Amino acid sequence: MILLRLFWEFFKTGLFAVGGGMATLPFLYDISARTGWFTAAQLADMIAVSESTPGPIGVNMATYVGFTTAGIPGAVIATLGLVTPSVIVILIVARVLAAFRQNQYVDAAFYGLRPCSVGLIAAAGVLVVKVALLKPDAFAASGAFPDLFNGKAIALAAVLLMFTRYVKKTKKLHPILFILASAVVGVVCSF
């Protein structure tokens, strides 16, 4: 039964997460809240692992959640659930591609999906900032405003911003080097 539920949850995510892998994050937070399969902290770890491994982030996350929930069969089923809607849509579009090319309503629908994609990705960004840079639980417990911020994470983000945007010698380095450096700092500083 868990495999069927994994497939269904990720099928819905794949069906409605328009805009790429980061657009799946609001759906993953919802799955976490409803199922208890993983916590928000585990989701933050999943994001870090998925961003630093090859492949689409949504597929990596589905595979990770499926594996942690039901082992290898869960990983396969969750991944299939996520990609099945896209495969179905691609097959339908390929079948009637000629009609879609000239249809003004379809063109308008795709134009209308753009703000939805932006909204989903922006929501994902806000959730990532909340998990990575803020500590709302510590703030709620103490009521002290400085407890709201994760100082180490904010310092790392500031250093990364400085090296990727403003320091000429490091500005053009490949992003994977920054990901690896961040992973090392995260392990050393116990993020």
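Just so we're clear, the structure is a prediction, and the values are computed from it rather than from any experiment.

Enquirer: Explain the overall build of the protein chain here, please?
Expert: A count of helices and strands for the protein chain gives 10 helices and zero strands. Going from N to C terminus, the protein chain has its helices and strands arranged as α-α-α-α-α-α-α-α-α-α. For the protein chain, the spread of C-alpha atoms along the three principal axes comes to 55 × 45 × 30 Å. At a minimum sequence separation of 6, the contacts of the protein chain that also span at least 24 residues come to 52%. Total accessible area computed for the protein chain in this model is approximately 12200 Å², and 72% of it derives from carbon and sulfur atoms.

Enquirer: What exactly am I supposed to notice about a positive patch on the surface here?
Expert: A grouping of Arg-165, Lys-168, Lys-171 and Lys-172 is seen on the molecular surface, where their side chains present a positively charged patch. Locating Lys-171 in the fold gives a position in helix H9 (residues 168–171). Take Lys-171: its relative accessible area is 45%, and that puts it in the partly exposed class.

Rules of the game
Residues numbered from 1 in each chain as written. Predicted model: local features only at pLDDT ≥ 70, side-chain atom pairs only at ≥ 80, totals over all residues. Heavy atoms only, no water. Helix = DSSP H or I, 4+ residues; strand = E, 2+ residues; numbered from the N terminus. Contact = heavy atoms within 4.5 Å. Areas by Shrake-Rupley, 256 points an atom, 1.4 Å probe, with all protein chains shown as cover. Patch = residues over 30% accessible without salt bridge, like charges linked within 9 Å, V, L, I, M, F, W, Y side chains within 5 Å. Salt bridge = Lys/Arg side-chain N within 4 Å of Asp/Glu carboxyl O. Lys, Arg positive; Asp, Glu negative; His and termini not counted. Charge placed at Lys NZ, Arg CZ, Asp CG, Glu CD. Buried < 20%, exposed > 50% of the residue type's maximum accessible area, 1.4 Å probe, protein only.

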